[in-house]
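Tertiary structure, described
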Amino acid sequence: MSIKIFFDMDGVLVDFAGGAADALQQALDSGDTSRRQFRRLINYDGPDREEPITAEYLETITTIKDAKGERTKWMKRVNDAVFAVVGTGGHPYWSTLPSLPGYNQMITAAQDLVGVENVFVCTAPVQDKDGGCESGKRDWIAKNTNIPANQVYVTEDKPSVLRDFPGENCILVDDRIKYVNAWEQGGGTAIRHTPPATMSTVQNTINQLKLLVNSNESE
């Protein structure tokens, strides 16, 4: 059984939370009232309000949301405002997001383990009007990695990718619990790249990839 390795982008290769937090905090600091979601943040004075809005705070909100936990009113408004930013940022926003520490080390380690032809990207897009999210993500991959364009999947239904590789061991590296669970339920193997992404997280993911590949080869 051959092995395919798939990397998520946001939270694994790309600093989605950091880029979104910076854009949102700038909107707050400047008193930007151009969008309803911004106005709802600026005018909110509940006791649960937390500032500054950091990448770590956004990751906390996402983790609670994916676990179907209870978010505060402020968290819900922050989440809405984040997607107002990223949903209208278009190609320039997505193609210039900062990379995360060690992203290329992970890709290189995976390619060393299974070959360049067996390493892919599998990322979910944010809905936008002009398709700038997908084109921006593909542009980022082209500029920042050596993964071929035909090995990049941009889809809201990540487990559907597994249908293209019947009988093969497909490993997804993803930071979000909901995608990890969905991939495994679809028959794949998943590694959670636990946030926040650090070099320690990177090394842990590489170690898990090595164990999975070596285990597959010994069977």
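Scope of this entry: the structure provided in the associated data block. All figures in this text were calculated on a predicted structure; none of them were measured in a lab.

A closer look at the environment of Lys76
Positionally, Lys76 belongs in helix α4 (residues 73-86). Lys76 sits in the partly exposed class, given a relative accessible area of 37%. Once the C-alpha coordinates of Lys76 and Gly31 are considered, the two residues, 45 residues apart in sequence, prove to be 19 Å apart. The residues contacting Lys76, other than those within four sequence positions of it, are Glu70 and Arg71.

Here's the deal with the nonpolar core
Soluble globular proteins tend to bury their nonpolar side chains together. Grouped together as the largest cluster of nonpolar side chains are 54 residues, with contacts concentrated most on Phe7, Leu13, Leu24, Leu58, Val78 and Val86. Other than its neighbours up to four places away in sequence, Leu24 contacts Phe38, Leu41, Ile53, Val78, Ala81, Val82 and Val85. Grouped together as the second largest cluster of nonpolar side chains are 11 residues, Leu172, Val180, Trp183 and Ala190 included.

With respect to the sheet that holds strand β2 (residues 119-123)
Read across the sheet, five strands follow the order β3-β2-β1-β4-β5 without closing on themselves; strand pairing throughout is parallel. Because the sheet does not close on itself, it has two edges, and the strands there are β3 (152-154) and β5 (189-192). The average undirected angle you get between the axes of adjacent strands in this sheet is 25°. Relative to β3, β2 is paired through three bridges, and the arrangement is parallel. When the bridges of β3 are listed, Cys122 appears paired with Tyr153. Along the sheet, helix α6 (residues 103-114) contacts β1 (3-7) and β2; its crossing angle with β1, the most-contacted strand, is approximately 170°.

Focus on the pairing of strand β4 (residues 169-174)
Extensive coverage of β4 is indicated by the burial of six of its six residues. Both faces of β4 are covered, namely the face carrying Asn169, Ile171 and Val173 and the face carrying Cys170, Leu172 and Asp174. For β1 and β4, the ladder comprises five bridges, and the chain directions are parallel. Pairing of Ile3 across the sheet is with Asn169, part of β4.

Scoring rules and cut-offs
- By convention here, each chain's residues receive numbers from 1 onward along its written sequence.
- Where totals are concerned, whole chains, interfaces and linings use all residues; where local detail is concerned, this predicted model gives features only for residues with pLDDT of at least 70, and gives and counts side-chain atom pairs only at 80 or more.
- Neither water nor hydrogens contribute to the side-chain values; these are computed over all heavy atoms in the structure.
- Secondary structure elements follow DSSP: runs of H or I of four or more residues count as helices, runs of E of two or more count as strands, with numbering from the N terminus.
- Accessible area is worked out with a 1.4 Å probe on protein chains only. A residue is then buried under 20% of its type maximum, exposed over 50%, and partly exposed in between.
- Residue contacts follow a heavy-atom distance rule, with two residues in contact if any of their heavy atoms lie within 4.5 Å.
- Nonpolar cores were defined as sets of buried Ala, Val, Leu, Ile, Met, Phe, Trp, Tyr and Cys residues, with membership established by side-chain atoms within 4.5 Å.
- Following DSSP output, two strands are said to pair if at least two bridges run between them.
- Note on geometry: axes are lines fitted to C-alpha atoms, helical ones only across the stretch in contact, with angles between N-to-C directions running from 0 to 180 degrees.

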